[in-house]
Amino acid sequence: MSAATAPDRAVPGIPGVAADDPTYDAAAVRSAAVVVRAYSTSFGWACRLLGDDVRDHVRGVYALVRVADEIVDDPRPGLSAAERGELLAELEHEVARARARGRSSNLVVHAFARTARRFGIGDDLVAPFFASMRADLSVTAHDEASFAAYVHGSAEVVGLMCLRVFVAGDDAAYDRLAPGAERLGAAFQKVNFLRDLAEDVDLRGRAYFPGLDVDAFGDDDRDRLIADIDADLAAARVAIDDLPRGSRLAVRVAHDLFAELSRRLATTSAATIRQERVRVPGPVKARLVAGALAGEVLR
């Protein structure tokens with residue numbers, strides 16, 4: 001077993017935190033958890049259902065993703081694209097340094113690097129992610145090729161990073177489950193694109209879906225996009241049953257929450273989607289979580 005995948009020495013009361021510097025590592029883990037809670041209720045719900053051995057590491061991945069996303073999506077008009085690019089480049093450089101030496105003064109980066117070094121999250125996943133983040137600073141419309149590259153870097157690789165954590169060094173399991181992880185990441189991203197259509201176009205000047213005339217967006221366009229999303233969700237659903245026990249329930253909950261959002265978008269008029277952000281109410285989320293829990297108990 002390599003150093004990248006060797007289990008960390010446990011810190012009492014903080015599952016998954018290495019004992020090399022328990023206070024600093026614990027602070028980094030808690031910082032990542034704060035970011036997750038601040039930015040995503042759906043992911044936060046699912047994350048709490050992960051096993052103790054993976055939960056903090058997945059939070060470390062997601063927290064870094066959210067920080068990078070916030071840099072490119074910061075709504076303040078006084079922050080230029082060039083300035084955002086500088087901030088993103090600084091973050092990417094710090095991630096590379098932290099992955100190499102195992103420490104960062106940025107607590108979120110430290111949490112991510114700790115996870116990347118333990119589970120072998122390499123440049124094949126990190127570089128496409130930052131490439132997609134940079135694209136948001138200059139690309140306002142996509143063709144089929146650039147859309148596929150963007151979705152891969154912004155979403156599919158995030159699913160693969162999480163899968164690296166889930167399988168804990170089992171390369172055969174990673175190769176077998178990677179297509180499902182990619183399809184689930186793609187589905188999540190496409191759902192977000194459709195839900196956030198108005199915000200992306202009106203506030204950020206971005207149109208993600210190739211060939212979509214947002215000004216003429218109609219129910220036929222909605223149905224076509226939903227069909228593609230649902231195909232991704234269906235393909236991903238098949239792979240979830242093969243995930244390790246410590247991650248299977250949480251991933252199923254995340255899948256079901258986004259599937260519910262897809263269903264709600266499918267029954268919302270295109271005109272409404274163009275103006276408003278569709279959401280899944282808290283009580284419905286709670287019901288979906290309960291259903292997933294019941295299903296896991298019956299396995």
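Thresholds, definitions, all that
- Residues numbered from 1 in each chain as written.
- Predicted model: local features only at pLDDT ≥ 70, side-chain atom pairs only at ≥ 80, totals over all residues.
- Heavy atoms only, no water.
- Phe/Tyr/Trp six-rings, centres within 6.5 Å; stacked < 30°, edge-to-face > 60°.
- Helix = DSSP H or I, 4+ residues; strand = E, 2+ residues; numbered from the N terminus.
- Buried < 20%, exposed > 50% of the residue type's maximum accessible area, 1.4 Å probe, protein only.
- Salt bridge = Lys/Arg side-chain N within 4 Å of Asp/Glu carboxyl O.
- Bend = angle between axes of the 7 residues up to and from the residue.
- Polar contact = N/O pair within 3.5 Å; in protein donor to acceptor, adjacent residues only side chain to side chain.
- pLDDT = per-residue confidence, 0-100.
- Contact = heavy atoms within 4.5 Å.
- Axes fitted to C-alpha atoms, helices over the stretch in contact; angles between N-to-C directions.
- Left-handed = near helix turned anticlockwise from the far one by under 90°.
- Nonpolar A, V, L, I, M, F, W, Y, C, P; charged D, E, K, R; others polar.
- Core = buried A, V, L, I, M, F, W, Y, C linked by side-chain atoms within 4.5 Å.

Peer 1: When you look at the packing of aromatic side chains in this model, what are you seeing that I'm missing?
Peer 2: Each aromatic ring pair is summarised here by two numbers: the centre-to-centre distance and the angle between the ring planes. The final tally for this structure, using the stated rule, is eight aromatic pairs. Between Y150 and Y208 the ring centres are 5.2 Å apart and the planes differ by 40°, which places this aromatic pair in the tilted class. Of the two residues, Y150 sits in helix α7 (residues 144-167) while Y208 sits in the loop between α9 (197-204) and α10 (219-240), which places them 58 residues apart along the sequence. Assigned by exposure class, Y150 and Y208 land together as buried. Ring geometry for F193 against Y208: centres 4.0 Å apart, planes inclined by 10°, an arrangement best described as stacked. Of this pair, F193 sits in helix α8 (residues 171-195) while Y208 sits in the loop between α9 and α10, and the two are 15 residues apart along the sequence. Taken individually, F193 and Y208 each receive the classification buried, so the pair is uniform in this respect. By the ring-pair criterion, three or more aromatic residues cluster together here, those being F147, Y150, F193, Y208 and F209.

Peer 1: Before we go on, may I ask you to explain the pattern of salt bridges in this structure?
Peer 2: When their charged atoms lie close together, side chains carrying opposite charge are able to pair. Throughout the structure, instances matching the rule amount to 26 salt bridges. Put simply, D200 and R204 hold a salt bridge, and the shortest N to O gap is 2.9 Å. Of this pair, D200 and R204 both sit in helix α9, separated by four residues, roughly a single helical turn. Accessibility expressed as a relative area gives 7% for D200, which makes it buried. The class of R204 is partly exposed, set by a relative accessible area of 26%. A cluster of three or more residues bridged by salt bridges with shared partners is formed by D73, D136, E199, D200, R204 and R206.

Peer 1: In this structure, what is going on with α7? I would like to understand it.
Peer 2: Structurally, the α-helix is built with 3.6 residues per turn, so residues lying three or four positions apart point the same way. Helix geometry: α7 is bent most strongly at H152, by close to 40°. Burial of α7 is extensive: 18 of the 24 residues sit out of reach of the surface. At the N-terminal end of α7, a side-chain oxygen is found 3.2 Å from the backbone nitrogen of A145, two or three residues along, and the residue is D143. Following α7 by one or two positions, A168 adopts a phi angle in the positive range, close to 50°.

Peer 1: It is not clear to me how the confidence of the model for the protein should be interpreted in this structure. Could you clarify?
Peer 2: Residues shown with low pLDDT carry predicted positions that ought not to be read at fine detail. Per-residue confidence for the protein averages 90 on the pLDDT scale, and 92% of its residues sit at or above 70. Element-level mean pLDDT values for the protein span from 77 in helix α2 (residues 41-47) up to 98 in helix α6 (residues 123-135). This model gives residues 1-19 a pLDDT under 50, and the stretch forms 45 contacts once residues within four places in sequence are excluded.

Peer 1: Teacher, can you tell me more about unusual backbone geometry here?
Peer 2: Trans peptide bonds make up most of the peptide bonds, and negative phi angles are found at most residues other than glycine. One non-glycine residue, A168, adopts positive backbone phi at about 50°. With respect to the helices, strands and loops of the structure, A168 is situated in the loop between α7 and α8.

Peer 1: What exactly am I supposed to notice about the packing of α6 against α7 here?
Peer 2: How two helices sit against one another is set out by the angle between their axes and by the gap between those axes. Axis separation between α6 and α7 bottoms out at 8 Å; the angle between their running directions is 145°. Remark: the crossing between α6 and α7 carries left-handed chirality. Two secondary-structure elements touch here, α6 through L125, V126, P128, F129, S132, M133 and A135 and α7 through A149, Y150, H152, G153, S154, V157, V158, L160, M161 and R164. For the contact of α6 with α7, a count of residues per class yields twelve nonpolar, four polar and one charged.

Peer 1: Looking at this structure, how should I read the nonpolar core?
Peer 2: Nonpolar side chains in soluble globular proteins tend to be buried together. Core analysis: the biggest nonpolar cluster contains 89 residues, and F112, F129, M161, L163 and L194 have the highest contact counts within it. Beyond its immediate sequence surroundings of up to four residues, L194 is in contact with F209, F217, L225, I226, I229, L265 and I273.

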